[in-house]
Amino acid sequence: MKSLEELRQLRDKVEKEMKMRDESNRPEIIIGMGTCGIAAGAREILQAVLAELEKRDVDAKVTQTGCIGMCEREPLLDVKMPGKDRITYGNLKLNDVKRIITEHVINENIVQELAIARMDN
Amino acid sequence: MRELALHILDIMENSLIADADLIKVFIKEDIKADRLIIKIADNGSGMEEKQAKEVLNPFVTQRTEREVGLGLSLFQAAAKRCEGDFNLASVLGEGTKVEAIFKYSHLDRAPLGDLAATLAGFIATNGDEIDLNYEHIYNDAKFIFNTKEVKKELTGLSITNLKIINWIKSYLEEGLREIRGGEV
């Protein structure tokens, strides 16, 4: 059984790594988690985002939002790079997550084919 | 919804909107009595009596983006079609409790689904603002998980850290496997 002792060791390890990072300038990824989003597969999109961020060792803040009225475009995911416009991606499939993280979050190029809206910074 | 875990997630989203900082999720799989009970309670803003009555109507929502509100009514329908029951109790300023009861073996009952991924995902996105108290009973075995306990060990490190989230997910998977006698 996993124990709290194990959690303490993990915390010490993570804390050392964190000291090297700049917390204030993180990309933000926002997942639509309304009833519409959940029914369309938002939980799986979120899992894919978390897995990809970990695999590529990207330090991003992952948050969520409720229904924004674009239910027919769910699952939705927004990327907000520091100081840049917020871009909304829609009708996402699991494979798209990898692409958005590689191209947009890591290389800072918007994935035009999947983007459906832009909100000014 | 394909899984009851997704209904649970959906109800937890309501708690966020109600500005709760604590959500209690209670699940009881009572195979002998052929019953499944799911309770979700929060300490959010709650609802007035009139609103609590209206909110189960799918054509009522508090939001202005669209004219229907489906979450609670879908969950109610899921319970009712399984010879089950559904209760909603809310007190303005104190919080809301939702209880869904299912006939465990009913053909139309959706599986509970991936609770570990669902709850870990919720903590990954909201863990700094909200605490989760999760209790799961399978026949006579009980598993309890509390984010407050985890935060105590983290001493300041965010619970939303990916490595911590992975640990929580495995911890939940292991705990559930244990009370179910090895099955996932």
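So, a few notes on the structure that sits alongside this text.

Calculation criteria
Residues numbered from 1 in each chain as written. Chains lettered and ligands numbered in written order. Predicted model: local features only at pLDDT ≥ 70, side-chain atom pairs only at ≥ 80, totals over all residues. Heavy atoms only, no water. Pairing = 2+ DSSP bridges. Helix = DSSP H or I, 4+ residues; strand = E, 2+ residues; numbered from the N terminus. Axes fitted to C-alpha atoms, helices over the stretch in contact; angles between N-to-C directions. Contact = heavy atoms within 4.5 Å. Buried area = accessible area lost by both parts, 1.4 Å probe. Salt bridge = Lys/Arg side-chain N within 4 Å of Asp/Glu carboxyl O. Polar contact = N/O pair within 3.5 Å; in protein donor to acceptor, adjacent residues only side chain to side chain. 1 Å grid on protein atoms, 1.4 Å probe; cavity = no way out; pocket = protein on both sides within 12 Å on 5 of 7 lines; lining within 4 Å. Points joined across faces, edges and corners; volume = space filled by probe spheres on them. Nonpolar A, V, L, I, M, F, W, Y, C, P; charged D, E, K, R; others polar. Buried < 20%, exposed > 50% of the residue type's maximum accessible area, 1.4 Å probe, protein only. Parallel < 35°, antiparallel > 145°, perpendicular 65-115°, else oblique. Left-handed = near helix turned anticlockwise from the far one by under 90°.

**Examining the pairing of strand β4 (residues 86-89) of chain A**
All names here are of chain A.
Argument step 1. Sheet topology places strand β3 (residues 77-80) next to β4; four bridges connect them, and they run antiparallel. Among the inter-strand pairings, Leu77 is bridged to a residue of β4, identified as Tyr89.
Argument step 2. Between β3 and β4, which pair antiparallel one after the other, the connecting turn spans five residues, and Gly83 there sits at a positive phi close to 80 degrees.

**Topic: the sheet that holds strand β4 (residues 95-103) of chain B**
Residue and element names in this part refer to chain B.
Argument step 1. Spatial ordering of the open sheet is given by β3-β4-β2-β1-β5-β6, a layout of six strands whose pairing is mixed. Every interior strand has two partners, whereas the edge strands, β3 (85-91) and β6 (141-146), have only one. Strand-to-strand twist of the sheet, defined as the mean angle between neighbouring strand axes without regard to direction, takes the value 5 degrees.
Argument step 2. As paired elements, β3 and β4 share seven bridges and run antiparallel to each other. Looking at β4, one finds that Ser90 is bridged to Thr96.
Argument step 3. Taken strand by strand, helix α3 (residues 71-80) contacts β2 (35-42), β3 and β4, and its axis lies near 30 degrees from that of β4.
Argument step 4. This element, helix α4 (residues 115-126), spans β1 (22-30), β5 (131-138) and β6 of the sheet and lies at about 170 degrees to β5.

**Points about the interface of chain A and chain B**
It is common to report an interface's size as the accessible area lost on association of the parts.
Argument step 1. Of the residues lining the interface, 33 residues belong to chain A; the matching set on chain B comes to 42 residues.
Argument step 2. Buried area between chain A and chain B, summed over both chains or domains, comes out near 3,300 Å², and the portion from carbon and sulfur atoms is 61%.
Argument step 3. At the junction of chain A and chain B, the tally comes to three salt bridges.
Argument step 4. Salt-bridge contacts for Arg43 of chain A lead to Glu3 of chain B; the nearest nitrogen and oxygen are separated by 2.7 Å.
Argument step 5. Here chain A is connected to chain B by 14 residue pairs in polar contact (both at pLDDT 80 or more).
Argument step 6. Elements represented by at least two residues in the side of chain A that touches chain B include exactly α1 (4-18), α2 (35-40), α3 (42-55) and β2 (61-65) of chain A.
Argument step 7. At 10 residues, α1 of chain A tops the list of elements feeding residues into the side of chain A that touches chain B.

**Quick word on the layout of surface pockets**
Argument step 1. For the second largest pocket, the calculated volume is near 430 Å³.
Argument step 2. Along the walls of the second largest pocket sit 26 residues, with Arg26 and Ala60 of chain A together with Thr160, Asn161 and Leu162 of chain B positioned nearest its centre.
Argument step 3. Mapped by element, the contributors of at least two residues to the lining of the second largest pocket are α1, α3 and β2 of chain A together with α4 and α6 (162-179) of chain B.
Argument step 4. Within the lining of the second largest pocket, the residues separate by chemical class into nine nonpolar, six polar and 11 charged.

**Comments concerning the sheet that holds strand β1 (residues 28-32) of chain A**
All names here are of chain A.
Argument step 1. Strand order in this open sheet of five strands is β2-β1-β3-β4-β5, and the pairing throughout is mixed. With one partner strand each, in any of the chains shown, β2 and β5 (115-119) form the two edges of the open sheet. Averaged over all neighbouring strand pairs, the angle between strand axes comes to 25 degrees, with direction disregarded.
Argument step 2. Pairing between β1 and β2: five bridges, direction parallel. If you follow Ile29 over to β2, its bridge partner there is Val62.
Argument step 3. Against the sheet, α3 touches β1, β2 and β3, its axis set at about 160 degrees to β1.
Argument step 4. Contacts between helix α4 (residues 94-106) and the sheet are confined to β1, β3 and β4, with β3 contributing the most and set at about 20 degrees to the helix.

**Side note on unusual backbone geometry**
Argument step 1. The step from Glu74 of chain A to Pro75 of chain A runs through a cis peptide bond, and the omega angle for that step is -5 degrees.
Argument step 2. In this structure, Asp57 of chain A takes a positive phi of about 55 degrees despite not being glycine.
Argument step 3. On the secondary structure map, Asp57 of chain A appears in the loop between α3 and β2.
Argument step 4. Backbone geometry places Asn139 of chain B, a non-glycine residue, at a positive phi of 50 degrees.
Argument step 5. Looking at the secondary structure, you find Asn139 of chain B in the loop between β5 and β6.
Argument step 6. Asn139 of chain B sits in the partly exposed class, given a relative accessible area of 25%.

**Quick look at the packing of α3 of chain A against α4 of chain B**
Argument step 1. One can describe the packing of α3 of chain A onto α4 of chain B by two numbers: an axis separation of 10 Å at closest approach and a directional angle of 65 degrees. One finds that α3 of chain A runs roughly perpendicular with respect to α4 of chain B. For α3 of chain A against α4 of chain B, the interelement crossing comes out left-handed. Between α3 of chain A and α4 of chain B, the contacting residues are Arg43, Leu46, Gln47 and Leu50 of chain A on the first element and Ala117, Thr118, Gly121, Ala124 and Thr125 of chain B on the second.
Argument step 2. Its residues assigned to classes, the contact of α3 of chain A with α4 of chain B comprises four nonpolar, four polar and one charged.

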